[in-house]
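Observations on the model geometry
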Amino acid sequence: MSRNDLSSAPSSSAAPPARILLVTGLSGAGKSTALRTFEDMGWETVDNLPLSLLERLILTPPSSVAAYKGRPLALGIDSRTRGFTVEAFLKGVEQLRQHHSQPIDILFLDCSDSELMRRFDTTRRRHPLALDRPMEDGISEERAFLAPVREIADFLIDTTTTSSHSLQSELRQQFASENSVAPNVSILSFGFSRGIPRNCDLLFDMRFLQNPYWEEALRPLTGLDPEIAAYIEQDPSFLPAVTKIKDLLLFLLPRYIETGKSYIVIAFACTGGRHRSVYVAEWIAARLRQAHFSLTITHRDLKLPLLESQSNRIRAGKAYQGG
């Protein structure tokens, strides 16, 4: 990267990246997984950008969307990158550190030869440096080629015995910060009479609770009304059940987060989706917020009319739980 490249870069008063991480290493060692993990954590990511364009990218204003401003930046660079040589890479890193105040670090992903061969064999992909040669020749050449980069790396992760999920967890532990994007936790209430949503991670059936629907004065109300809350809380099963559900969620949610899960949907159901499921969803949501979880809550069937088939069954006098 020459000074001509630097001087031709656009200037910008926009917020620069909070941090710059150059992600490199051996082909097959997990760079793609690492970049996806950084993106899920709220980083901006770019893969295989030519070295001559690094400075220009850093100085280019981010998206006008507020969420993109000042985000940390992870750049994927390896032996396939156009214009890549170890000398150019090391010189470029030195220039970046001289001209930018934010941290600029190198993450190197390593892996044993035997495990790399197994991974390429499993995926049936060719090694980028061994298109017309044995795979082990390409791996050996790339290892020797990148050895100087490995020596100066700020972070080194050996993925030989590391699964994709374990690598994600390790990266989150090392690089998660206040810039990281928290998982989207959604609380959903619905009625079985209108079908089960397809995207539920956890589903709790509330039909064991006493049903306000069968109280004529309560029937027009919903789980958002205090009269419904009082009625449901009178059920001896209510407090033990929701307390156990709350404790289970407080145990599970951090573990979902550790695995890198971006969306978590917790559903509560009754028959019609207007009374029991709505109130329990609100009760659980309040306790999760007290535990500092950020979430959204949706009552799918709260304002929908009673289904005709449901009305017919009720008029027929069958023992049908309608709320």
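Remember, it's a predicted structure, so these values are computed and weren't measured experimentally. Just so you know, the residues in each chain are numbered from 1, in the order the chain's sequence is written. Residue-level local features of this predicted model are given only where pLDDT is at least 70; pairs of side-chain atoms are given and counted only at 80 or more, and the full residue set underlies all totals for whole chains, interfaces and linings. Calculated side-chain values reflect all of the structure's heavy atoms, with hydrogen atoms and water omitted.

Examining helix 2 (residues 31-40)
Burial classes: relative accessible area under 20% of the type maximum marks a residue as buried, over 50% as exposed, and values in between as partly exposed (1.4 Å probe, protein chains only). Strands here mean DSSP runs of E at least two residues long; helices mean DSSP runs of H or I at least four residues long; both are numbered from the N terminus. Listed in full, the buried residues belonging to helix 2 are Lys-31, Thr-33, Ala-34, Leu-35, Thr-37 and Phe-38. The secondary structure elements touched by the buried residues of helix 2 are strand 1 (20-25), strand 2 (44-47), strand 3 (73-76), strand 4 (104-110) and helix 7 (164-175). In the segment just after helix 2, Gly-42 is the residue with positive phi, at about 100°. In this analysis, two residues are considered to be in contact whenever any of their non-hydrogen atoms come within 4.5 Å of each other.

Remarks on the pattern of salt bridges
Between side chains of opposite charge, a pair can form as their charged atoms come close. The term salt bridge refers to a pairing of a side-chain nitrogen on Lys or Arg with a carboxyl oxygen on Asp or Glu at a separation within 4 Å. One pass over the full model with this rule turns up 14 salt bridges. Ionic pairing is found between Glu-115 and Arg-119, a salt bridge with its closest N-O pair at 2.9 Å. Of the two residues, Glu-115 and Arg-119 both sit in helix 5 (residues 113-123), four residues apart, roughly one turn of that helix. Judged by its relative accessible area of 18%, Arg-119 falls in the buried class. We note a salt bridge from Arg-207 to Asp-205, for which the minimum N-O separation is 2.8 Å. Owing to a relative accessible area of 37%, Arg-207 belongs among the partly exposed residues under this scheme. Among the residues examined, Asp-205 registers a relative accessible area of 33% and is labelled partly exposed.

Considerations on the nonpolar core
Only buried residues count toward a nonpolar core, which is a set of Ala, Val, Leu, Ile, Met, Phe, Trp, Tyr and Cys residues joined through side-chain atoms within 4.5 Å. The biggest cluster of nonpolar side chains holds 41 residues, and the ones touching the most others in it are Val-23, Phe-38, Phe-89 and Leu-107. Taken together, the elements giving at least two residues each to this core come down to strand 1, helix 2, helix 3 (54-59), strand 3, helix 4 (86-99), strand 4, helix 6 (135-152) and helix 7. Ranked by size, the runner-up nonpolar core spans 28 residues in total, among them Ile-228, Leu-249, Leu-253 and Ile-284.

Notes on the environment of Glu-142
Tracing the backbone through its elements, the reader meets Glu-142 in helix 6. With residues near it in sequence (within four places) discarded, Glu-142 still touches Gly-25, Leu-26, Ser-27, Ser-79, His-127 and Leu-129. For this analysis, a polar contact is any N or O atom pair within 3.5 Å, provided that within protein one partner can donate a hydrogen and the other can accept it, and provided that sequence-adjacent residues contribute only side-chain to side-chain pairs. A distance of 2.6 Å separates polar atoms of two side chains, one belonging to Glu-142 and the other to Ser-79.

What about the packing of helix 8 (residues 226-233) against helix 10 (residues 276-290)?
Axes, fitted as lines to C-alpha atoms, cover a helix only where it is in contact. Angles between the N-to-C directions of the axes lie from 0 to 180 degrees. Following both chains from N to C, one finds helix 8 and helix 10 inclined at 90°, their axes separated by 10 Å at the closest point. Classified by the angle between their axes, helix 8 and helix 10 sit roughly perpendicular to one another. Facing Ala-229, Ile-232 and Glu-233 of helix 8, the residues of helix 10 in contact are Arg-276, Tyr-279 and Trp-283. Tallied by class, residues from the contact of helix 8 with helix 10 come to four nonpolar, no polar and two charged. Oblique is the label for any angle not under 35 degrees, not over 145, and not in the 65 to 115 range, which are roughly parallel, roughly antiparallel and roughly perpendicular in turn. For this classification, the nonpolar set comprises Ala, Val, Leu, Ile, Met, Phe, Trp, Tyr, Cys and Pro, the charged set comprises Asp, Glu, Lys and Arg, and every other residue, Gly included, is treated as polar.

As for the sheet that holds strand 3
Taken in spatial order, the five strands line up as 2-3-1-4-5 in an open sheet, and their pairing is parallel. In the strand order of this sheet, the two ends are held by strand 2 and strand 5 (155-158), each with one partner. For this sheet the average axis-to-axis angle between neighbouring strands, irrespective of direction, equals 20°. Two elements, strand 1 and strand 3, share four bridges in a ladder whose sense is parallel. By definition, two strands form a pair when at least two bridges between them are found by DSSP.

Details of the pairing of strand 6 (residues 184-191)
Most of strand 6 is tucked away: seven of the eight residues are buried. Pairing of strand 6 with strand 8 (residues 263-270) involves eight bridges; the strand directions are parallel. Bridged to Val-185 within strand 8 is Ile-264. Bridge count between strand 6 and strand 9 (residues 295-299): five bridges; the pairing is parallel. Bridge pairing in strand 9 links Ser-186 to Thr-296.

Notes on the sheet that holds strand 8
Here we have four strands laid out as an open sheet, ordered 7-8-6-9, and parallel in their pairing. Each of the sheet's edge strands pairs with one partner strand only, and the pair in question is strand 7 (202-205) and strand 9. Each strand of the sheet is rotated relative to its neighbour by a mean of 15°, with strand direction disregarded. Packed on one face of the sheet, helix 10 meets strand 6, strand 8 and strand 9 and runs near 175° to strand 9.

Distances and angles like these do not, on their own, reveal function.
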